[in-house]
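Here is how the chains run, residue by residue.
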Amino acid sequence: MGKLCGLCGNDNGEQNDDLQMMDGTQASDVVSFGRSWVVPDGDSKCWHDCNGECKSCDERSVAKYSGDIYCGLLVKKDGPFRECHVVINPKGFVDGCIYDVCLNGGLQSLLCQALKTYADACQAAGARVYSWREQSRCPRVCPPNSHYESCGSACPATCLNPQAGEKCKRPCIESCQCNEGFVLGAQGCVPTKGCGCMYKGLFYPPGLKLWVDDKCQQSCICDPVTGSVTCRDTPCKPTEACQVLNGVRGCWPKSKASCIRGGGSHYMSFDGFKFDFQGTCMYLLAGLCEQKKGMEPFQVELQNEHRGSTVLAYPWLVRVTVYNHVIVMSRDNAGKIMVDGLWVNPPLTLDGNHLSIIKTGFNGIVQTSFGLKVTFDWSHWVVVTVPSTYQGALCGLCGNYNLQTSDDLKMKGGSPASGTAVIPGCTIWRKL
């Protein structure tokens, strides 16, 4: 006590010497006081006062902001802070409130912050504070599944401790409290049965799949209903490898392959088979046709067009259907991307970051968390990339991705085509 110095004073229990300067003498004004404690930092453009433009409040403005609908609410005898006056003197809070609000032209956000500062101090000291936000026009918007309380529990029920509030001895606080049947989780207020699971001292969100060994021989999943982890033997598929990717251990695809729809009428399948096709209908370029467990369904459709010559056909429209979303890119609207019938401004993420839509250079790109990537330059090139986990399960103009080129001209019914001219699937598609 009494051993400190600086702008915060010396902490000796006396207020009359708090303007003590570095040389031990008392400053005649706060500017001299502040200047004495400057710390050299090489900044020659800083100043200790208002740089010749100090604002001030006239008596009329001070009277206005001292009223009950402004800072005067803090000292109103029958106001929401009435029981705190004997616990914490509001004078300093009122003066600060009037100064800030007045010099900023009555800015509402500063008034709300000043009132909240006093309210927080009162509640921390154990004084009761009544509802003040409505009459001061300072509403507080709460997140989903929660509501506002002027005196809420300082120990809210959480996923890790659902009974936290029952033994709470801390003073109440102004806060957003979870609604009935909800508790506080990592993503906000969640249903009590949707919290997650504790496993080996760690908390996992509901539905999360985790591996309990470094060889990915056994996988576990957090059951949101029971709140427990269930495990089973699930080794990686032949097309997968157990490795850590982006900090997460799992069975990740060993490789990937790309199908290219190039300039003119050129195609190259996932397996590397090359052919020319001049069709201008809507075609399935690539999609999941053999449903297998763990595979997310998707479709990439393509419509071509002639540009001055019927000999060559160029990409006109690409439509990607995945995660129940439809993403469309067309040459008629170069540089634009439509999602579920609405134009969007990339970058955009959907479905909890499982689906991302971006623009880079002259390309529009659709990417998914399971490894699908569709790129279109709105003119000549369409590239579809898929992970090795989809080997043998695909169909469309890009082939089945079974590492064999001999059957890449397989038609929808499964029979081989005699040539690209008989590839079926023509559908008229309305231009956007």
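Bear in mind that the values here come from a model prediction, so they are computed numbers and not experimental data.

## Comments concerning the side chain of Arg 261
Right, so step 1: Note on placement: Arg 261 falls in strand E12 (residues 256-261).
Right, so step 2: Buried and unpaired, Arg 261 has Asp 276 as its nearest opposite-charge partner, separated by 7.7 Å.
Right, so step 3: At a separation of 2.6 Å, a polar atom in the side chain of Arg 261 contacts the main-chain carbonyl oxygen of Gly 264.
Right, so step 4: One polar contact links the side chain of Arg 261 to the main-chain carbonyl oxygen of Ala 313, over a distance of 2.5 Å.

## What about the sheet that holds strand E15 (residues 282-288)?
Right, so step 1: Sheet architecture is open: seven strands sit in the order E20-E19-E18-E17-E16-E15-E26, paired in antiparallel fashion. The open sheet has two edge strands with one neighbour each: strand E20 (342-344) and strand E26 (394-395).
Right, so step 2: Looking at chain direction, E15 and E26 are connected through two bridges and run antiparallel. Among the inter-strand pairings, Gly 287 is bridged to a residue of E26, identified as Cys 395.

## A few points about the state of the cysteines
Right, so step 1: For the structure shown, the criterion picks out 15 disulfides.
Right, so step 2: Each sulfur of the disulfide joining Cys 142 and Cys 176 lies 2.0 Å from the other. Disulfide Cys 142-Cys 176: torsion about the S-S bond near -85°, hence left-handed. One end of the pair, Cys 142, is in the loop between helix H4 (108-124) and strand E1 (146-152); the other, Cys 176, is in strand E2 (residues 173-178), with 34 residues separating them in the sequence.
Right, so step 3: In this structure Cys 5 is a free cysteine whose sulfur lies 10 Å from that of Cys 8, the closest cysteine sulfur available.
Right, so step 4: Classification of Cys 5 as exposed rests on a relative accessible area of 59%.
Right, so step 5: What makes Cys 8 exposed here is its relative accessible area of 79%.

## Here we look at the packing of helix H3 (residues 91-103) against H4
Right, so step 1: Packing of H3 against H4 brings their axes to within 9 Å, and their N-to-C directions diverge by 165°. By the criterion of interaxial angle, the relationship of H3 to H4 is roughly antiparallel. With respect to the hand of their crossing, H3 and H4 are arranged in right-handed fashion. Contacts between H3 and H4 pair Phe 93, Cys 97, Asp 100 and Val 101 from the former with Leu 110, Leu 111, Ala 114, Thr 117, Tyr 118 and Ala 121 from the latter.
Right, so step 2: Its residues placed into classes, the contact of H3 with H4 shows eight nonpolar, one polar and one charged.

## Points about a nonpolar patch on the surface
Right, so step 1: A surface patch of nonpolar side chains, about 300 Å² in accessible area, is lined by Leu 160, Met 198 and Phe 203.
Right, so step 2: Among the secondary structure elements, Met 198 is positioned in strand E5 (residues 197-199).
Right, so step 3: In this structure Met 198 comes out as partly exposed when scored by relative accessible area, which is 47%.

## A word on the packing of aromatic side chains
Right, so step 1: For the structure on display, the rule yields 13 aromatic pairs.
Right, so step 2: Members of the aromatic cluster, joined through ring pairs, are Tyr 267, Phe 273, Phe 275, Phe 277 and Tyr 283.
Right, so step 3: Directly above the ring of Trp 343 sits Lys 336, whose terminal nitrogen or CZ lies 5.7 Å from the centroid.

## Focus: the pattern of salt bridges
Right, so step 1: Enumeration over the complete set of coordinates arrives at six salt bridges.
Right, so step 2: Two residues, Glu 174 and Arg 133, come together in a salt bridge whose shortest N-O distance is 2.3 Å. With Glu 174 in strand E2 and Arg 133 in the loop between H4 and E1, this residue pair connects regions lying 41 residues apart in the sequence.
Right, so step 3: Take Glu 174: its relative accessible area is 7%, and that puts it in the buried class.
Right, so step 4: Residue classification places Arg 133 among the buried residues on the basis of a relative accessible area of 9%.
Right, so step 5: Measuring nitrogen to oxygen at the nearest pair gives 3.2 Å for the salt bridge that ties Glu 305 to Arg 331. Of this pair, Glu 305 sits in strand E16 (residues 298-305) while Arg 331 is found in the loop between strand E18 (325-330) and strand E19 (337-339), placing the two residues 26 residues apart along the sequence.
Right, so step 6: Among the residues examined, Glu 305 registers a relative accessible area of 10% and is labelled buried.
Right, so step 7: Given a relative accessible area of 36%, Arg 331 falls into the partly exposed group.
Right, so step 8: What emerges from the salt-bridge pattern is a single network uniting Glu 305, Arg 307 and Arg 331.

Conventions we followed
- Residues numbered from 1 in each chain as written.
- Predicted model: local features only at pLDDT ≥ 70, side-chain atom pairs only at ≥ 80, totals over all residues.
- Heavy atoms only, no water.
- Helix = DSSP H or I, 4+ residues; strand = E, 2+ residues; numbered from the N terminus.
- Buried < 20%, exposed > 50% of the residue type's maximum accessible area, 1.4 Å probe, protein only.
- Lys, Arg positive; Asp, Glu negative; His and termini not counted.
- Salt bridge = Lys/Arg side-chain N within 4 Å of Asp/Glu carboxyl O.
- Polar contact = N/O pair within 3.5 Å; in protein donor to acceptor, adjacent residues only side chain to side chain.
- Pairing = 2+ DSSP bridges.
- Disulfide = S-S within 2.5 Å.
- Axes fitted to C-alpha atoms, helices over the stretch in contact; angles between N-to-C directions.
- Parallel < 35°, antiparallel > 145°, perpendicular 65-115°, else oblique.
- Left-handed = near helix turned anticlockwise from the far one by under 90°.
- Contact = heavy atoms within 4.5 Å.
- Nonpolar A, V, L, I, M, F, W, Y, C, P; charged D, E, K, R; others polar.
- Patch = residues over 30% accessible without salt bridge, like charges linked within 9 Å, V, L, I, M, F, W, Y side chains within 5 Å.
- Areas by Shrake-Rupley, 256 points an atom, 1.4 Å probe, with all protein chains shown as cover.
- Phe/Tyr/Trp six-rings, centres within 6.5 Å; stacked < 30°, edge-to-face > 60°.
- Lys NZ or Arg CZ within 6 Å of the ring centre and 35° of its normal.

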